[in-house]
Amino acid sequence: MKRALLLRLALGLILTSVLPSCGFAFRSAWKKAPVTSGVEGKWEGTWLSDATGHTGTLRCVVGKPIRNGIVIGAAGEGIGSVPADRIFFYHATWKKILSGSYKAVHIVQKKKDGTYTFKGEHKMPNWAGGLYHYEGTIKGDDFKACYQCSMDKGTYTMKRMR
């Protein structure tokens, strides 16, 4: 009996010390993210699963363009229609009490009308759906996208935060 109580107490202490750190990197990125136009910056909204009807809040920090792991200047962002890779750093909530953060590389392309399109994927554990595919558009302050994996598919919409 004592052993089970001690085990539960130890597990509780581990969880309370580890879980808050999951969002620390995201909170730091959120605070440091610049207010810009185009794709880069802070976004906030919701996600909705078409498969289950589940929904939650979603925030994202979109970073500067990268090539071969090196950050490049804004001029490198789709010179003409040349796509640029960007890291999208997401933080999502489920059932108001669970949350998680993850990074996904998306290929962003600027269209002639000023709209940005992006595609990307991210590997999650198999129990969480495995490989996720993303596709979306950003026009002005509106961010709309869809996602799909082996266990789920849905949409998310966000607005630029200033």
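Residues numbered from 1 in each chain as written. Predicted model: local features only at pLDDT ≥ 70, side-chain atom pairs only at ≥ 80, totals over all residues. Heavy atoms only, no water.

Focus: the packing of aromatic side chains
Test applied: Ring pairs are drawn from Phe, Tyr and Trp, using the six-membered ring of Trp, whenever the two centres fall within 6.5 Å, and their geometry is named by plane angle: stacked under 30 degrees, edge-to-face over 60, tilted for the rest. Elements are defined by DSSP. Helices are runs of H or I of four residues or more, strands are runs of E of two residues or more, and each kind is numbered from the N terminus. Note on criteria: charge over ring means Lys NZ or Arg CZ within 6 Å of the ring centre, with the direction from the centre no more than 35 degrees off the ring normal.
All chains considered together, the criterion is met by 16 aromatic pairs. Look at Tyr-90 and Tyr-156: their rings are 5.8 Å apart centre to centre, the planes differ by 85°, and that puts the pair in the edge-to-face class. Taken as a pair, Tyr-90 in strand S5 (residues 84–94) and Tyr-156 in strand S10 (residues 153–160) lie far apart in primary sequence, 66 residues in all. Following the ring pairs from residue to residue traces out a cluster consisting of Trp-43, Phe-88, Tyr-90, Tyr-102, Phe-118, Tyr-132, Tyr-134, Phe-143, Tyr-147 and Tyr-156. For Arg-59, the ring lying beneath its charged end belongs to Trp-30, and the centroid distance is 4.5 Å. Positioned over the ring face of Phe-89 is Lys-103, at 4.9 Å from the centre of the ring.

Regarding a nonpolar patch on the surface
Here is the rule we go by: Residues with no salt bridge and a relative accessible area higher than 30% make up the patches, which join like charges within 9 Å and nonpolar side chains (Val, Leu, Ile, Met, Phe, Trp, Tyr) within 5 Å. Shrake-Rupley sampling with a 1.4 Å probe provides the accessible areas, and residues are treated as covered by the protein chains on show and by no other component. Should a side-chain nitrogen of Lys or Arg be within 4 Å of a carboxyl oxygen of Asp or Glu, the pair is scored as a salt bridge. Residue burial is assigned from relative accessible area. The probe radius is 1.4 Å, only protein chains are included, and a residue is buried under 20% of its type maximum, exposed over 50%, and partly exposed in between.
Where nonpolar side chains cluster on the molecular surface, the patch consists of Trp-94, Ile-97 and Leu-98 and spans about 350 Å² of accessible area. The class of Leu-98 is exposed, set by a relative accessible area of 52%.

Shape is all these values report; function is a separate question.
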